[in-house]
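As a plain string of letters, each chain reads:
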Amino acid sequence: MSIRYLVVLFAVITSLPVMSQDDSFTADRPGATTGTGIVAKGRLQWETGVAYERDRTAEPAEHNYTLNTSLWRLGLSERIELRVQTDVFLTHRSQSDNTCWGSLGVGTKMRIFEGHGLLPTMALLGNVSFPCGKKYETAHRDFGFQLHALFENTISKRWGLGYEVGLDRSDDGSGCSMFLGACLSFQATDRLGLFAEQYNSLDDDSSSWLATGMSYQLAQRL
């Protein structure tokens, strides 16, 4: 199993109140694992940021930058949200650079159980990716999907532990893989959140990532 390190993650979160007057927020970007929180009904929330990954498994080593990792979330009810996401990638190799759009993802998240005691809060996440971008020039673009079960335990007022398991079908034609991830989060202030996570893609060529980063709510209303 190869191990990759993902660091320098930052997300700016802005909220556009379509109908909601609820100023509380929950961020899913920029990490790979996803929390169980649902945006308030009638609220449109935009999460965007940058990410850096150094892949030492490649020869020579690759430096991958996600220049704009954007996620739009619209609260449809107290338990369901609509999600649209896309990314812009820059891959730096020793002799070349490649910049491109990622696929367009459309999906939903539904909270199905409120945690109680040691029982975690549970949610379901589903996404379909449409082949409107191209990460690598030689990659075959195809439809992909993501179906994950999300769990989250509240450790204290500021600390939380999330974990998830699911099935992913890549949009590059490489087939399906199992996703396993865990994330320790810390809410430093009402607007600043920190996290560290470890997640795995299990298939014939399994990989593991270690990541750390932060999210910051830039504005409650625009």
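Residues numbered from 1 in each chain as written. Predicted model: local features only at pLDDT ≥ 70, side-chain atom pairs only at ≥ 80, totals over all residues. Heavy atoms only, no water.

**Remarks on the overall build of the chain**
Part 1 of the reasoning: Within the chain, the secondary structure is distributed over zero helices and twelve strands.
Part 2 of the reasoning: Mapped in sequence order, the helices and strands of the chain form the string β-β-β-β-β-β-β-β-β-β-β-β.
Part 3 of the reasoning: Here the chain, with 222 residues, has 43% of them falling under the buried criterion.
Part 4 of the reasoning: Looking at the chain alone, contacts between residues at least 24 apart form 54% of all its contacts between residues at least 6 apart.
Part 5 of the reasoning: Accessible surface for the chain amounts to roughly 11,700 Å². Of this, 60% is attributable to carbon and sulfur atoms. (Helix = DSSP H or I, 4+ residues; strand = E, 2+ residues; numbered from the N terminus. Buried < 20%, exposed > 50% of the residue type's maximum accessible area, 1.4 Å probe, protein only. Contact = heavy atoms within 4.5 Å. Areas by Shrake-Rupley, 256 points an atom, 1.4 Å probe, with all protein chains shown as cover.)

**Description of the packing of aromatic side chains**
Part 1 of the reasoning: This structure, assessed with the given rule, holds five aromatic pairs.
Part 2 of the reasoning: Taking the centre distance of 5.9 Å and the plane angle of 25° together, the rings of Phe 179 and Tyr 199 count as stacked. In this pair, Phe 179 sits in strand 10 (residues 176–187) while Tyr 199 sits in strand 11 (residues 192–202), placing the two residues 20 residues apart along the sequence. An identical accessibility class is assigned to Phe 179 and Tyr 199; each is buried.
Part 3 of the reasoning: With centroids separated by 5.2 Å and ring planes inclined at 10°, the aromatic side chains of Tyr 199 and Trp 209 adopt a geometry described as stacked. Placement of Tyr 199 in strand 11 and of Trp 209 in strand 12 (residues 207–219) is noted, with a sequence separation of ten residues between them.
Part 4 of the reasoning: Note on Tyr 199: relative accessible area 8%, which makes it buried.
Part 5 of the reasoning: Among the aromatic side chains, those forming a connected cluster through ring pairs are Phe 179, Tyr 199 and Trp 209. (Phe/Tyr/Trp six-rings, centres within 6.5 Å; stacked < 30°, edge-to-face > 60°.)

Structural measurements only, silent on function.
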